[in-house]
Amino acid sequence: LVFPFLLSSLLSWRGFPWMVRIWAILAGTTLALSVYLIKPRVAPRKMRSHERGPWLATDGAFLCDPIMLFTLGTSFVSSLSTFPVSLYLASYASNLTPSAFEASVVVGVYNVASSFGCAFTGWLADIDYPLATLFCGAAGALAAFASWGLADSLAKVYGFAVLAGFTSQVIAAWSGCARDVSRGNPYVGSLVFGVLAGSRGLASIVMPFVSEGLYRPGESEQAWGRFGFYRMELFGASLLLSALLPRGWH
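Before going into details, it helps to say that this report is about the structure given with it. (Residues numbered from 1 in each chain as written. Predicted model: local features only at pLDDT ≥ 70, side-chain atom pairs only at ≥ 80, totals over all residues. Heavy atoms only, no water.)

1. Quick word on the packing of aromatic side chains
Going by this rule: Pairing of aromatic rings covers Phe, Tyr and Trp, the last counted by its six-membered ring, and requires centre-to-centre distances within 6.5 Å; plane angles under 30 degrees mean stacked, over 60 mean edge-to-face, and any other angle means tilted. A helix here means a DSSP run of H or I that spans at least four residues, while a strand means a run of E at least two residues long, and both kinds are numbered starting from the N terminus. Only protein chains enter the calculation, and the probe is 1.4 Å; a residue is then buried if its accessible area is under 20% of its type maximum, exposed if over 50%, and partly exposed in between. We count a charge as sitting over a ring when the NZ of a lysine or the CZ of an arginine lies within 6 Å of the ring centre and within 35 degrees of the ring normal.
Tallying each qualifying case throughout the model produces six aromatic pairs. For the pair Phe120 and Trp123, a centre-to-centre distance of 5.8 Å together with 40° between the ring planes defines the contact as tilted. Of this pair, Phe120 and Trp123 both sit in helix α4 (residues 100–148), three residues apart, which is roughly one turn of that helix. By relative accessible area, Phe120 is classed as partly exposed at 28%. Members of the aromatic cluster, each reached through a chain of ring pairs, are Phe120, Trp123, Phe135 and Phe166. Here the basic side chain of Arg14 rests over the ring of Trp18, its NZ or CZ set 5.8 Å away from the ring centre. Lying over the aromatic face of Trp18, Arg21 brings its terminal NZ or CZ to 4.9 Å of the ring centre.

And the structure:
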């Protein structure tokens, strides 16, 4: 909730270069404290004093596991579809209000809804993680088509921010993939998370080039897909692909 306002204040106060530096320090400090304070859900097996983990925990066979491949595909596709929302939501809202504060609130609402979405998706993933992934893909695509595509008022943009934030947390389903692919090997489980995070990072690098080509701010207003966001909202259809992929997991 605080994130968009803090970034705006830093930009106004020190400009972009120092905003990035200050944010890096804040993020590094916060994450370091989190690593120290966070406790695992399942206590790890304690090693004897003379025992150490292997330098190479696996031969890489887990990368060919069908579950791993499907999860990689869903993570990459869903990330390509959802990252533009967090980046362009304030730009969309600014077309409906002259207030920079109200446009920033939209991003804050999206972030808060994402927190609740992580909790719900994680709970659902503990029951059936293919179902959790299917939920994120189908509900996210529906939100992009109906809620964002038809948003002609600021209130509707707020509504979309809640729906998109709540339904876009497919990363919370990774624990189920790590459990099944690792088959009890904690070293492989950690590598599964690392590879999945890498696929999401790759999507974050590719996505700006894709979204830049999809966004056409000069286009005239229309009934669906206003303010040049027509192609970007249509791109939300790729979330349907991530909803169909889990069908092959069983």
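2. Topic: helix α3 (residues 66–94)
For clarity, the cut-off: Take the number of residues in a helix, subtract one, and multiply by 1.5 Å to get its expected span. In protein, a polar contact means a hydrogen-donor-capable atom and an acceptor-capable atom, both N or O and within 3.5 Å, with residues adjacent in sequence counting only if both atoms are side-chain atoms; elsewhere, any N or O pair within 3.5 Å suffices.
Between its first and last C-alpha atoms α3 spans 43 Å; for 29 residues at 1.5 Å apiece the expected length is 42 Å, and the two agree. A side-chain oxygen of the first residue of α3 lies 2.8 Å from the backbone nitrogen of Ile67; this N-cap is Asp65.

3. A short note on the environment of Leu6
Note the threshold: For this analysis, residues touch if any pair of their heavy atoms sits within 4.5 Å.
When you line up the elements, Leu6 lands in helix α1 (residues 3–14). Residue class for Leu6 comes out partly exposed when judged on its relative accessible area of 31%. For the pair Leu6 and Met19, spaced 13 residues apart in sequence, the C-alpha to C-alpha distance is 9.5 Å. Beyond its immediate stretch of four places on either side in the chain, Leu6 contacts Trp23 and Leu26.

4. Here we look at the pattern of salt bridges
Counted only if it meets this: For this analysis, a salt bridge means a side-chain nitrogen from Lys or Arg found within 4 Å of a carboxyl oxygen belonging to Asp or Glu.
A complete count under the given rule lists three salt bridges for this structure. Two residues, Arg179 and Asp180, come together in a salt bridge whose shortest N-O distance is 3.4 Å. With relative accessibility at 44%, the residue Arg179 sits in the partly exposed group. Asp180 gets classed as partly exposed once you look at its relative accessible area, which sits at 28%.

5. Describing the side chain of Asp65
Among the structural elements, Asp65 can be located in the loop between α2 (16–37) and α3. Excluding residues within four positions of it along the chain, Asp65 makes contact with Val181 and Arg183.

6. Section: a nonpolar patch on the surface
So the rule is basically this: The patch calculation keeps residues exceeding 30% relative accessible area without a salt bridge and links them within 9 Å when they carry like charges or within 5 Å when they are nonpolar (Val, Leu, Ile, Met, Phe, Trp, Tyr). Each accessible area is a Shrake-Rupley estimate made with a 1.4 Å probe; only the visible protein chains count as cover when residues are assessed.
A cluster of nonpolar residues, Leu1, Val2, Leu6, Leu26, Val112 and Phe116, forms a patch on the protein surface that exposes about 540 Å² of accessible area. With respect to the element layout, Val112 can be found in helix α4.

7. A few points about the side chain of Thr74
Among the secondary structure elements, Thr74 is positioned in helix α3. At a separation of 2.9 Å, a polar atom in the side chain of Thr74 contacts the main-chain carbonyl oxygen of Thr71.

Keep in mind these numbers describe shape, not what the thing actually does.
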